[in-house]
Amino acid sequence: MAILLTGSTGYIGAHVTANLLAGCSDPLNLLVRARDVQEARERLWRSLQLHVDFEQFQSYLESRIHIFLGDITNPKFGLPAGDYDELVRTTDSVLHCAASLNRKSEKSCLNVNLRGTLEVIQLARCAQSDHRIRRFSHVSTVAVAGQRANEVVQEDSAIDWSRSDYDPYARTKKFCEHMLRELLPEVPRTIFRPSIVLGDSRRAETNQFDMVRAFVFLASLPVLPFRPADRIDIVPVDFVADSIAMLHQKSETSHDIYHLSSGTDSGNFAELTDSLAKAQGKRPPVFVPALEGPSSTMLNALAGTAGKVGGLATLLKVFLPYLVWNTVFDNSRVVAEMGRKPVPFSKYCYPLLRFSRENNFSYCYREWPSRAAAQDAR
Ligand SMILES: NC(=O)c1ccc[n+]([C@@H]2O[C@H](COP(=O)([O-])OP(=O)(O)OC[C@H]3O[C@@H](n4cnc5c(N)ncnc54)[C@H](OP(=O)(O)O)[C@@H]3O)[C@@H](O)[C@H]2O)c1
């Protein structure tokens, strides 16, 4: 029996997939969007090559990975009836990582996060009535806590239906958690809520640059529109993936919700910028919190305009609420389960910044070997 994993071609999903492949012997049913199996394999190779070499990847393909070509926004993932039945029959637990993180698009969040998650829950219900499943793990987000200011949020009180949400992403992810509780009452459930997932504490390399781009831009400014003592809850992807993979495999977890975050150990802006300035031999920036309003007006004006500046402004605009809310998410549950804390961002942010700048915010992907050989021969 296998673990059904959605979102394995994404940033966190690929880390979780690599972790499960290395750390357990269960087969994986991977739901991948692609036109055919070869395209799905190539997409998986792209997302997993940060973790494994091609030989290892091929051996996993042959022994442990079963690809299902599906889209969670389609009824029964758009799978032929026989494939859907096989997925139901062979799935022993579900780890749902796929989502739309497009904070600007109500439509995309509605389709992928709500309709898509409902489709994954339906699959789990079919598997549950066929043979009972071991666990349904859902990767949510701390953004479900809605609009906050100056708080340490606890898992059980994070969802407050009377609060406003920052964006469609947060709103739809919040309702996903609700659907899960309502529609899978008899299945052991684990909800993981990562905070801002940025970089890997074990290495500088990354293939996800959205937030890194915003971070590198902010780190280059001589003046920042923030309060220096405000904390920002950033967590490395390796801690997030280790926690998800480990807790998903446990026969029983102590809790059903976990913040995957840095919690009260989160650094503040002054600590972060000091450590970066020191690493670069530069002067730290000056903080002028009064500029928050004008900065936000400027970002609103520039967001959506053409070119690099417009793109960066759009990115900063969607993340700004999460940078100025001075809110962190208690992580004592996951720290107790893992027996360790996440590495603080200030300890690994400089290598991440240098790698991203030196590589112009792109990752040098290795081609699928037969294709690479054909190109070499030309
Ligand atoms: N990154 C963060 O900082 C962060 C923080 C908190 C929570 N999270 C949560 O972590 C999870 C993973 O996020 P991520 O950063 O890894 O996102 P990501 O890199 O954008 O990956 C999203 C994954 O979802 C898949 N997906 C999207 N639409 C799909 C569809 N219609 N059918 C099937 N698969 C679909 C994507 O497949 P394709 O490759 O085909 O597009 C991709 O594999 C999400 O649930 C997110 O809410 C992320």
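The structure under discussion appears in the preceding block.
Small disclaimer: the values here were computed from a predicted structure and weren't measured.

Trainee: Teacher, can you tell me more about the overall build of the protein chain here?
Mentor: The helix and strand tally for the protein chain stands at 14 helices and 13 strands. The proportion of buried residues among the 378 residues of the protein chain is 52%. Within the protein chain, contacts between residues separated by at least 24 positions form 80% of all contacts whose residues are at least 6 apart in sequence. Just so you have it, the protein chain exposes about 16,900 Å², and 51% of that area is on carbon and sulfur atoms. Both charge centroids of the protein chain, one from 44 positive and one from 42 negative side chains, sit 4 Å from each other.

Trainee: Help me understand helix H8 (residues 237-249) in this model?
Mentor: Given 3.6 residues per helical turn, the α-helix brings residues three or four places apart onto the same face. With 13 residues, H8 ought to run about 18 Å at 1.5 Å a step, and its terminal C-alpha atoms sit 18 Å apart, in line with that. Burial within H8 is extensive, with 10 of its 13 residues counted as buried. The complete set of buried residues in H8 reads Val237, Asp238, Phe239, Val240, Ala241, Ser243, Ile244, Ala245, Leu247 and His248.

Trainee: What should I look at first to understand the packing of helix H1 (residues 11-23) against H8 in this one?
Mentor: Helices that pack against each other are described as a pair by the angle of their axes relative to one another and the distance between those axes. Where H1 contacts H8, the axes come no closer than 9 Å and their chain directions differ by 55 degrees. By the angle between their axes, H1 is oblique relative to H8. Classified by chirality, the crossing of H8 by H1 is right-handed. Two secondary-structure elements touch here, H1 through Tyr11, Ile12, His15, Val16, Asn19, Leu20 and Gly23 and H8 through Val237, Val240, Ala241, Asp242, Ile244, Ala245 and Gln249. Here the residues of the contact of H1 with H8 sort into nine nonpolar, four polar and one charged.

Trainee: Is there a simple way to explain the sheet that holds strand E2 (residues 28-32) in this structure?
Mentor: In a beta sheet, neighbouring strands are held together by backbone hydrogen bonds and run either parallel or antiparallel to one another. Sheet architecture is open: seven strands sit in the order E3-E2-E1-E4-E5-E7-E11, paired in parallel fashion. Two strands close off the open sheet at either side, each with one partner strand: strand E3 (65-69) and strand E11 (257-260). With strand direction ignored, the average angle separating the axes of adjacent strands in the sheet is 20 degrees. The strands touched by helix H5 (residues 106-131) are strand E1 (2-6), strand E4 (91-96) and strand E5 (135-139); relative to E4, the strand with the most contacts, the crossing angle is about 160 degrees. With respect to the sheet, H8 is in contact with E1, E4, E5, strand E7 (189-194) and E11, its orientation differing from that of E7 by roughly 175 degrees.

Trainee: Sorry, what's going on with the site of the ligand here?
Mentor: Around the ligand, a shell composed of 23 residues is seen, among which Thr9, Ile12, Arg43, Tyr169 and Lys173 lie nearest. Between glycine 10 and the ligand, the recorded distance is 2.9 Å, taken from a backbone N or O atom to an oxygen atom. In the complex, the protein chains occlude 86% of the 900 Å² of accessible area that the ligand would expose alone. Of all the elements in the fold, those that place two or more residues in the shell around the ligand are H1 and helix H6 (168-183). Residues belonging to the shell around the ligand are distributed by class as follows: 12 nonpolar, seven polar and four charged.

Rules behind the numbers
Residues numbered from 1 in each chain as written. Predicted model: local features only at pLDDT ≥ 70, side-chain atom pairs only at ≥ 80, totals over all residues. Heavy atoms only, no water. Helix = DSSP H or I, 4+ residues; strand = E, 2+ residues; numbered from the N terminus. Buried < 20%, exposed > 50% of the residue type's maximum accessible area, 1.4 Å probe, protein only. Contact = heavy atoms within 4.5 Å. Areas by Shrake-Rupley, 256 points an atom, 1.4 Å probe, with all protein chains shown as cover. Lys, Arg positive; Asp, Glu negative; His and termini not counted. Charge placed at Lys NZ, Arg CZ, Asp CG, Glu CD. Expected span 1.5 Å × (residues − 1). Axes fitted to C-alpha atoms, helices over the stretch in contact; angles between N-to-C directions. Parallel < 35°, antiparallel > 145°, perpendicular 65-115°, else oblique. Left-handed = near helix turned anticlockwise from the far one by under 90°. Nonpolar A, V, L, I, M, F, W, Y, C, P; charged D, E, K, R; others polar. Pairing = 2+ DSSP bridges. Near = heavy atom within 4 Å. Polar contact = N/O pair within 3.5 Å; in protein donor to acceptor, adjacent residues only side chain to side chain.

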